[in-house]
Amino acid sequence: MESCDIVQARLEILGSRNPPTSTSQNRPSPVLKEVSASDVPLPVFLQCRKVCGLNVSDRCDFIRTNPDCHSDGGYLDYLEGIFCHFPPRLLPLAVTLYVSWLLYLFLILGVTAAKFALVAFSDPHTAGLALGALFGAGVLVTTVVAGGITILHPFMAASRPFFRDIVFYMVAVFLTFIMLFRGRVTLPWALGYLGLYVFYVVTVILCTWIYRWQLRGSLVYSMPVTPEILSDSEEDRVSSNTNSYDYGDEYRPLLFYQETTAQILARALNPLDYMKWRRKSAYWKALKVFKLPVEFLLLLTVPVVDPDEDDRNWKRPLNCLHLVISPLVIVLTLQSGTYGVYEIGGLVPVWVVVVIAGTALASVTFFATSNSQPPRLHWLFAFLGFLTSALWINAAATEVVNILRSLGVVFRLSNTVLGLTLLAWGNSIGDAFSDFTLARQGYPRMAFSACFGGIIFNILVGVGLGCLLQISRSHTDVKLEPDGLLVWVLAGALGLSLVFSLVSVPLQCFRLSRVYGFCLLLFYLNFLVVALLTEFGVIHLKGMQKPCPPARGGPGIEHFCRAPVGTSARPLLLDI
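Residues numbered from 1 in each chain as written. Predicted model: local features only at pLDDT ≥ 70, side-chain atom pairs only at ≥ 80, totals over all residues. Heavy atoms only, no water.

K.L.:
Help me understand the overall build of the protein chain in this model?
P.N.:
The secondary structure content of the protein chain amounts to 20 helices and ten strands. In the protein chain, buried positions account for 42% of the 576 residues. Across the protein chain, every contact between residues at least 6 apart in sequence was considered, and the portion connecting residues at least 24 apart equals 77%. Accessible surface for the protein chain amounts to roughly 30,900 Å². Of this, 67% is attributable to carbon and sulfur atoms. (Helix = DSSP H or I, 4+ residues; strand = E, 2+ residues; numbered from the N terminus. Buried < 20%, exposed > 50% of the residue type's maximum accessible area, 1.4 Å probe, protein only. Contact = heavy atoms within 4.5 Å. Areas by Shrake-Rupley, 256 points an atom, 1.4 Å probe, with all protein chains shown as cover.)

This is the structure:
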């Protein structure tokens, strides 16, 4: 027998196929009222995950007519592709293609060092992904990554930076917990997140200035020290000095010659260093082959100004090409190309105007400059490069979020569990490798500090700016409906991991050993087991559901809806 929510979903589909007749036009439509009311969460029977319980012939109509299956951004409709364009027998092939494309997008975002919380929070349908990614990545970084660093290289932690970062992060987690309990994010609340991050940055700058001022006035500055008690900036200088040999010097030609414009363009667009290619391993070469198209695309579209070079990375033919291509990329990636295809006066699209204006500006720049000397306004290319790269990151991250949401619909997984697993792992893998590399090179304290500094940025800027963008578009508060018990498990686990480090690190006199690292790894394994058991219903709360009024689609049909957080129907008993 079919469940009540599936029956209700079918009735909604039939209602969308058969509009009301004239005799019922004065009668209000309960479906439209429930969907269009922004302050009422979507009922359970309208959740997109219910599509797999329908007959094959009804799935495509359900996807196209259900508002919960629509995404605000992105270039491809992945749900419609699975359920409308792939036959049911080819569903494994569709999932395989989606997973392959997802992995390549993770590779793209690894090259561009992107974060997903901002994109996920700006769409109300994927806010659960953002929550799962923020909390999941927070637990992962503060346990697995931090524990791995101490296992690879036990060290003496810096006390003041440790207390500063962990206190700020605990405040951010506490504010997020209150935000979830309230169920909404207002404009002052979003601005408060951004203001807290600005205050954190100012605090870091002041602490660094005070530390250096004290260091200059003490005798410690003149004493020989080891790299383990150097400040972060001093560690950077030591690292740069010990690795200052330029392997490219031995390959420089003996006779210098003036490169032509075509040769400058070809060399600037080449993402492969042949000398470096010869020295690397087969694994690095295989990964480089997959990254070459992405790196070539970034070289072609994103201008880079390097103040450390004599010519500040001025490449006249390529930079002039950037004046045409970069603005075109901006208008075609902003809001998934909505503004780019808009026709001015119903005649000329915006992207055509951008190409014409960019071509004119590039022509003037090409004939007014030389290959050897950068122009005075070359620094403006830095702003163009920043904007272009940010929109590339936003476009790729939007596709990642949409693919994950589609896979969650297919496998009937909540957005939260997808966020705490796939999205959190993909978001943290780059940070993990870089931190482990720093630890192996003898700088574990720098890597340990990065574990907390990066995730503070993710939670404060990701939640603050993401909600601010959604508020600016909808002109209403951001409504948050915690996805059952799992969100609270995530928030509690992250809080416990921070409290554990806050208590255990001072007890060790800031000498972090391998035992501490293994304890953190064990904590994450237990957290992951509890989270998955909660997702699959093994661990649940009694009274999570309450009877709703009879459905209006037909007599005798009943369904259940979740009690909102903060109401008297919230369960209090744990049942395993």
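K.L.:
Quick question: what am I supposed to make of the packing of aromatic side chains here?
P.N.:
The geometry of an aromatic ring pair comes down to the distance between the two centres and the angle between the two planes. Under the counting rule described, the total for this entry stands at 20 aromatic pairs. Between Phe162 and Phe452, the ring centres sit 6.2 Å apart and the planes meet at 90°, which makes this aromatic pair edge-to-face. You can see Phe162 sitting in helix 8 (residues 159–182) and its partner Phe452 sitting in helix 18 (residues 444–474), a full 290 residues away along the chain. Summarising the aromatic geometry, the rings of Phe168 and Tyr200 are spaced 5.1 Å apart at their centres and angled 65° between planes, so their arrangement reads as edge-to-face. Highlighted residues: Phe168 in helix 8 and Tyr200 in helix 9 (residues 187–216), separated in sequence by 32 residues. (Phe/Tyr/Trp six-rings, centres within 6.5 Å; stacked < 30°, edge-to-face > 60°.)

K.L.:
I tried to follow a nonpolar patch on the surface on my own but got confused; where do I start?
P.N.:
A contiguous nonpolar surface patch, about 630 Å² in accessible area, is contributed by Val198, Val202, Leu206, Trp209, Ile210 and Trp213. Relative to the assigned elements, Leu206 resides in helix 9. Take Leu206: its relative accessible area is 47%, and that puts it in the partly exposed class. (Patch = residues over 30% accessible without salt bridge, like charges linked within 9 Å, V, L, I, M, F, W, Y side chains within 5 Å. Salt bridge = Lys/Arg side-chain N within 4 Å of Asp/Glu carboxyl O.)

K.L.:
Sorry if this is basic, but what is going on with unusual backbone geometry here?
P.N.:
Both trends apply: most residues other than glycine have a negative phi, and most peptide bonds are in trans. Positive phi values are uncommon outside glycine, yet Arg312 reaches one of about 55°. Along the chain, Arg312 turns up in the loop between helix 13 (282–301) and helix 14 (316–333). You will see that Cys509, though not glycine, has its phi angle at about 55°, which is positive. Inspection of the secondary structure assignment puts Cys509 in the loop between helix 19 (485–507) and strand 6 (511–512). Given a relative accessible area of 54%, Cys509 falls into the exposed group.

K.L.:
Looking at this model, I keep getting lost on the pattern of salt bridges. Mind explaining?
P.N.:
Where side chains of opposite charge bring their charged atoms close, a pairing between them can arise. Following the criterion strictly, the structure yields five salt bridges and no others. Two residues, Arg164 and Asp165, come together in a salt bridge whose shortest N-O distance is 3.1 Å. Note that Arg184 and Asp477 form a salt bridge whose closest N and O atoms lie 3.4 Å from each other. Remark: Asp477 occurs in the loop between helix 18 and strand 5 (478–479) and Arg184 occurs in strand 2 (residues 184–185); sequence separation between them is 293 residues.

K.L.:
What should I look at first to understand the nonpolar core in this one?
P.N.:
For soluble globular proteins, nonpolar side chains are generally found buried alongside one another. If you look at the biggest cluster of nonpolar residues, it comprises 60 residues, and the most contacted ones within it are Ile149, Tyr169, Leu420, Phe448, Phe452, Ile459 and Phe527. Elements represented by at least two residues in this core include exactly helix 7 (127–152), helix 8, helix 9, helix 17 (415–440), helix 18, helix 19 and helix 20 (514–535). When sequence neighbours within four positions are dropped, the list of residues in contact with Tyr169 reads Leu134, Gly138, Thr142, Phe452, Ile455, Ile456, Ile459, Leu494 and Leu498. Judged by nonpolar contacts, the second largest core, of 33 residues, contains Cys48, Phe62, Cys69 and Leu298. (Core = buried A, V, L, I, M, F, W, Y, C linked by side-chain atoms within 4.5 Å.)

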